[in-house]
Amino acid sequence: MSQWTLSLFAGAAISLVSISSVLASEPAKVLVKLSDGSNGHMSLTLSPSTIPPGPVEFTVKNESRSTVHEFMFARRANPDAALPYDTKTQQVEEDAIKGLQGIEDLRPRETVTAEFTLAKGRYIVFCNEPGHYRDGMRTEFVVGAGQ
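Residues numbered from 1 in each chain as written. Predicted model: local features only at pLDDT ≥ 70, side-chain atom pairs only at ≥ 80, totals over all residues. Heavy atoms only, no water.

J.: Would you mind going over the pattern of salt bridges with me for this structure?
T.: A side chain with one charge may pair with a side chain of the opposite charge, provided their charged atoms come close. Evaluated as defined, the whole model comprises four salt bridges. The closest approach of N and O atoms between Arg 107 and Glu 110, which form a salt bridge, is 3.8 Å. A salt bridge links Asp 135 to Arg 134, with the shortest nitrogen-to-oxygen separation between them at 3.1 Å. Residue class for Arg 134 comes out partly exposed when judged on its relative accessible area of 45%. (Salt bridge = Lys/Arg side-chain N within 4 Å of Asp/Glu carboxyl O. Buried < 20%, exposed > 50% of the residue type's maximum accessible area, 1.4 Å probe, protein only.)

Structure (structure tokens):
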């Protein structure tokens, strides 16, 4: 083989390694929809609801025409335990939740994409605008199989 052929082969091999490294580090993609619902019932949907650990890209769409919503989430050590809730403010007590992350105050019809790195476990996701958690704007997702 000529020197030029070896250089071309080595360059192609490096390119393949670079492409596979980029593909391997692509974040999982999750679509989140925040909605007032067709019959006035607020909802929060997440698809898919089981995702691999590591980087996760959430695209969060506030589908409401007039209401601000939030996308807040935290890993749950005990998924059956109730979140700390203040009936006076009608909100989850955010300061009492370890590891709370998310996007606050999405304007009506706003879409935001954000990336988070997540470990295996069960997570709760909710809207914490006054009264929205109580009215059902919450769901769960799982990071990693069998959690």
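J.: Is there a simple way to think about the packing of aromatic side chains in this case?
T.: Overall, the coordinates contain eleven aromatic pairs when judged by the stated rule. Both rings, one in Phe 73 and one in Phe 116, keep their centres 5.1 Å apart while their planes meet at 85°; by these two values the pair is edge-to-face. Separated by 43 residues along the polypeptide, Phe 73 in strand S5 (residues 69–76) and Phe 116 in strand S9 (residues 111–118) bring together distant segments of the chain. On the accessibility criterion, Phe 116 (13% relative accessible area) is buried. (Phe/Tyr/Trp six-rings, centres within 6.5 Å; stacked < 30°, edge-to-face > 60°. Helix = DSSP H or I, 4+ residues; strand = E, 2+ residues; numbered from the N terminus.)

J.: What is the right way to look at the nonpolar core in this model?
T.: Generally speaking, soluble globular proteins have nonpolar side chains that are buried together. Val 32, Phe 58, Phe 71, Phe 73, Leu 118 and Phe 141 are the most contacted members of the largest nonpolar core, which has 23 residues in total. Broken down by element, this core gets its largest block of residues, four residues, from strand S1 (residues 28–35). (Core = buried A, V, L, I, M, F, W, Y, C linked by side-chain atoms within 4.5 Å.)

J.: For this particular structure, what's the right way to read the side chain of His 69?
T.: Inspection of the secondary structure puts His 69 in strand S5. In this structure the side chain of His 69 is engaged in a polar contact, spanning 2.8 Å, whose partner is the side chain of Asp 36. Polar contacts involving the side chain of His 69 include one to the side chain of His 132, which spans 3.1 Å. (Polar contact = N/O pair within 3.5 Å; in protein donor to acceptor, adjacent residues only side chain to side chain.)

J.: Help me out: how do you make sense of unusual backbone geometry in this one?
T.: The general pattern is negative phi for most residues beyond glycine and trans for most peptide bonds. For the bond from Ser 47 to Pro 48, the omega torsion is 0°, close enough to zero to count as cis. Checked against the element boundaries, Pro 48 lands in the loop between strand S2 (43–47) and strand S3 (50–51). If you check the backbone angles, Asp 105 has positive phi at about 50° while not being a glycine. Topologically, Asp 105 is positioned in strand S8 (residues 101–106). On the basis of relative accessible area, Asp 105 is assigned to the partly exposed category, the value being 45%. Unusually for a residue other than glycine, Arg 109 sits at a positive phi of about 65°. Assignment of secondary structure puts Arg 109 in the loop between S8 and S9.

J.: Which parts of the structure should I look at to understand the sheet that holds S9?
T.: Whether parallel or antiparallel, the strands of a sheet pair through hydrogen bonds between backbone atoms. With mixed pairing, the four strands of this open sheet are ordered in space as S2-S1-S4-S9. Each edge of the open sheet carries a strand with a single partner, namely S2 and S9. Across the sheet, the mean angle separating the axes of adjacent strands is 20° when strand polarity is ignored. Strand direction decides the pairing type here: S1 and S2, joined by five bridges, are antiparallel. Pairing of Leu 31 across the sheet is with Ser 47, part of S2. (Pairing = 2+ DSSP bridges. Axes fitted to C-alpha atoms, helices over the stretch in contact; angles between N-to-C directions.)

Purely geometric numbers; function is a separate question.
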